[in-house]
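Summary of structural features
Read off the chains here:
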Amino acid sequence: MDRESCSELEPMQTKDFYYHLPEELIAQTPAEPRDSSRMMVYDRKTGRAAHKIFRDITEYLRPADVLVLNQTRVIPARLLGTKKSGTASVECLLLKPAGQDVWEVLLRPGKRLHEGNHVVFGPGLEAEVLRKDKEGVAVVRFSYTEGTFEDRLEEYGSTPLPPYIHKTMPSDKSRYQTVYAKVNGSVAAPTAGLHFTNALLEAIRKKGIDIVPILLHVGLGTFRPVKVQDITRHVMHSEYYSVSPEAAARINAARTAGGRVVAVGTTSVRTLESAAGEGGRLLPGCGETDIFIYPGYTFKCVDALITNFHLPESTLIMLVSALIGREETLRLYDLAVRERYRFFSYGDAMAIF
């Protein structure tokens, strides 16, 4: 998938997407139950924002709509090891597979590791560094003495939490998975989906709304910070996506019938927009996407978005700004701060209709 670019008369800078967030508003634990999170609902036609509870989302969905979910599942992608030729500690974060037992990874500290070095993660599991790039991404080949790589990963790996969450993983690891997660492959959860319960999804179905799964494995592209001033110079790291023929047919049928495509999370948005063809018609297929959506982008398929409140200067807040405008996004974020919403992965929700 080619990188998709957008342009404006005056290129925006990363600092244009900054907002001040008090640290105490960064959620450290998820809401219980899942659907008890708060939710800001924004009406694009009126410009009004309403303050609700997430389970109230059923009030805003219409029978003709289609709700699109990313069914990726988080893997225990964080490995801790030791450089084989010494005692230096090494952290390895899996990004995506690049062949049989070969993975793109982030290594820390990367400067101490070179091509040909080996890292030991436990009895029977080690990795050889095949190559590195200037951005800190390495390619390694894992070797193990028994079973499969997935077996060893379950034994030695842990789920990586974002650095702004200072608490350890909940004892119930499923809390950092969506209830509909099915396909292993992500290094972080598509967090907008964490608000849904099975009971809420069933209530949505009973209202006549089709719920359709698609797939994007969350990797470096989703959470890599923007390090350039001119956002048009930022290059997204590619991530694997898939839209099945059945999913494409159901979403296209909803659009033809006049329903709205309601994307759950920015990863669903990026998948849909990557797979959309002429006239917004969704095309089935799979591959790599490095689509970068920011103000100036014309949406082809997505009509509404359910998301969380994102980090300042991130590609995620830029995507939201592409949908409703940068100034409006920052106004709503300022409102969320004043109303004491909880931010980021474990935080509250924002629904844009």
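Residues numbered from 1 in each chain as written. Predicted model: local features only at pLDDT ≥ 70, side-chain atom pairs only at ≥ 80, totals over all residues. Heavy atoms only, no water.

Overall, the coordinates contain 16 salt bridges when judged by the stated rule. Arg108 serves as the salt-bridge partner of Glu91, at 3.5 Å between the closest nitrogen and oxygen. Of this pair, Glu91 sits in strand S6 (residues 89–99) while Arg108 sits in strand S7 (residues 102–108); the two residues are 17 residues apart in sequence, bridging distant segments of the chain. Bridged by salt links that share partners, the residues Arg78, Glu91 and Arg108 form one connected network. (Salt bridge = Lys/Arg side-chain N within 4 Å of Asp/Glu carboxyl O. Helix = DSSP H or I, 4+ residues; strand = E, 2+ residues; numbered from the N terminus.)

Let us look at the sheet that holds strand S2 (residues 49–53). Adjacent strands of a sheet form backbone hydrogen bonds with each other and so pair up, either parallel or antiparallel. Overall, mixed pairing links the nine strands, which are arranged S2-S1-S17-S16-S14-S3-S12-S13-S15 in an open sheet. Because the sheet does not close on itself, it has two edges, and the strands there are S2 and strand S15 (285–289). When the angles between neighbouring strand axes are averaged without regard to direction, this sheet yields 25 degrees. Looking at chain direction, strand S3 (residues 66–70) and strand S14 (residues 261–264) are connected through three bridges and run parallel. Residue pairing across strands places Val66 opposite Val261, the latter belonging to S14. Together, S3, strand S12 (210–216), strand S13 (239–243) and S14 form the strand contacts of helix H4 (residues 245–256), whose direction differs from that of S12 by roughly 130 degrees. Relative to the sheet, helix H7 (residues 326–338) contacts strand S1 (38–42), S2, strand S16 (304–308) and strand S17 (349–352), its axis offset from that of S1 by approximately 150 degrees. (Pairing = 2+ DSSP bridges. Axes fitted to C-alpha atoms, helices over the stretch in contact; angles between N-to-C directions. Contact = heavy atoms within 4.5 Å.)

Sheet topology places S1 next to S2; five bridges connect them, and they run antiparallel. Paired with Val41 across the strands is Ala50, a residue of S2. Hairpin connection from S1 to S2: six residues lie between these consecutive antiparallel strands, with Gly47 at a positive phi of about 75 degrees.

Treat this as a map of the structure, not an account of what it does.
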